[in-house]
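Observations on the three-dimensional arrangement
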Amino acid sequence: FENVAQPFATWVGSVLDAGDGELHSWTSRSTKASQRRGDRWACSSLYDAYENYYWRTANPITGLWITTFDQSSDCLDELGHSLNNAIPNGDWRCCRDTCLNILRWGGVAQWRVATEIRAATENLPNHLANTRGQLQQLRGIDVLPSFIEVDSGTTKIYSLLDSSWAIYDGRVGAALGWLLRKWSMEESQVVPLELRFAWGYAASRNPNERRKREFPCFSDAGVDRVALNARVNWLLQLILDTNEDSHFNHLPRPLRALEAALFMIGYDVATSANAAEPTTSITIAEDEIDSAIDT
C-alpha cells in the first residue's frame, strides 16, 4: 500500500502548508457549517482548512454549543477517557451512555447504530474491548477483521478506541477523492484502485469528473468501509510521515487535525472549477445532510 500511495502523499506536500492563492472554496447551506447561511468558506492549503474549521454541534457533556476544532477535540478527549475507563471496569451503562454521547456529538444519534447501542447490555464492554484489539492489530489490507462494521456512527466510536483510527465520513471521503483527482490531473497519473475512496451521500460531495464513476458512493455495491477506513488511516499517517516538517506535525493531535482539514474541504467539492455531475441515487434532505458529520 505504501508504494502505491507514496506518489500522492509526496504531492500532498505541495498543498499541505503553504498556499499560493486559493485551494478550494464553497458556500454554506446552513448555520452548522458557518455562522450565517450563505457565507463563503475558502482555504489556501490543508493547514489553512484546519485553521478555519467550523462545525456547530452541541457538547453532549455540557449541553453548550461548540464550533471550533479545539472545542470538539477537548470534548472527544473527555468522551474517550470515559469510554476507555469504563471498558476494563465492565461498566456497560457508562459504555452505552458514552457511545451515545459520541454519536450525539457527531449528529448521528438518530441513526441505526444508536438504536443498537441503546439496546446493548452487559456484553458491550467485552465487545468494545475486542473491537479495540482488532483495530490495533490492523497492519495490512489482508488482516482486516470481519466482525466489525464501519458506518457514520461506529467510525467515530472507533476513533476514540484507537488513536490511529481516523473518522472516515462522507466529507473526508469527498475531500480525498477531490485531492486525488487534482493530483491525477496535475501529474498525469491514474488513481490506483487502492486509493479510490468512497464518499457519501449528497451530490455536492461527489468528487468524480463529469460522466465518470472513479470514486464510488458509500451506497454502491461492494464498498467495504472497514477496508477503506483502514486505508484512510494509513494514508493520512503516510502523508504526515512523508512531510515531517509540516505544521501538522507540531500540533498535539496531527492525525485529527489533518482529518479535520479534509472534513472542511469535503463539505462541497462539486462547485469547484471541474464540478462533477450528481450521480448518487440516494436522496437526502439538505437539513438532514447538514445535521451530521457523515454527510
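Position numbers for residues count from 1 along each chain, tracking the sequence in the order it is written. Given that the model is predicted, a residue must reach a pLDDT of at least 70 before its local features are reported, and side-chain atom pairs must reach 80 or more before they are shown or counted; all residues, however, enter totals for whole chains, interfaces and linings. Side-chain descriptors were evaluated using all non-hydrogen atoms of the structure, hydrogens and water having been removed beforehand.

**Here's the deal with the pattern of salt bridges**
Pairing of side chains with opposite charge becomes possible as their charged atoms draw close. As a reminder, the rule being used: By definition here, a salt bridge exists when the distance from a side-chain nitrogen of Lys or Arg to a carboxyl oxygen of Asp or Glu is within 4 Å. Every helix listed is a DSSP run of H or I at least four residues long, and every strand listed is a run of E at least two residues long, numbered separately from the N terminus. Burial classes follow relative accessibility: with a 1.4 Å probe on protein chains only, a residue under 20% of its type's maximum area counts as buried, one over 50% as exposed, and anything between as partly exposed.
A complete count under the given rule lists ten salt bridges for this structure. Between Arg 253 and Asp 74 there is a salt bridge, and its shortest N-O distance comes to 3.4 Å. On the criterion of sequence distance, the pair formed by Arg 253 in the loop between α9 (225-242) and α10 (254-265) and Asp 74 in helix α3 (residues 69-86) is long-range, its members being 179 residues apart. In this structure Arg 253 comes out as partly exposed when scored by relative accessible area, which is 24%. Relative accessible area serves as the criterion here: at 46%, Asp 74 is assigned to the partly exposed category. Of the charged contacts, one joins Lys 182 and Glu 186 as a salt bridge, the two residues approaching to 3.2 Å between their closest N and O atoms. Of this pair, Lys 182 and Glu 186 both sit in helix α8 (residues 170-187), four residues apart, which is roughly one turn of that helix. Given the relative accessible area of 21%, Lys 182 is considered partly exposed. You can call Glu 186 partly exposed: its relative accessible area is 47%. When salt bridges that share partners are traced, they join Asp 74, Asp 77 and Arg 253 into one network.

**What to know about the nonpolar core**
The following threshold applies: Each nonpolar core is a collection of buried residues, namely Ala, Val, Leu, Ile, Met, Phe, Trp, Tyr and Cys, held together in the definition by side-chain atoms within 4.5 Å. In this analysis, two residues are considered to be in contact whenever any of their non-hydrogen atoms come within 4.5 Å of each other.
Counting residues in hydrophobic clusters, the biggest one holds 58 residues, and the most contacted among them are Phe 8, Leu 46, Phe 197, Leu 236, Ile 239, Phe 248 and Ile 265. Those elements that place two or more of their residues in this core are α1 (2-16), β2 (40-43), α2 (46-51), α8, α9 and α10. Apart from residues no more than four positions distant in its own chain, Leu 236 is found in contact with Ala 166, Leu 176, Leu 255, Leu 258, Glu 259 and Leu 262. Listed in part, the 29 residues of the second largest apolar core include Leu 103, Val 108, Val 113 and Leu 128.

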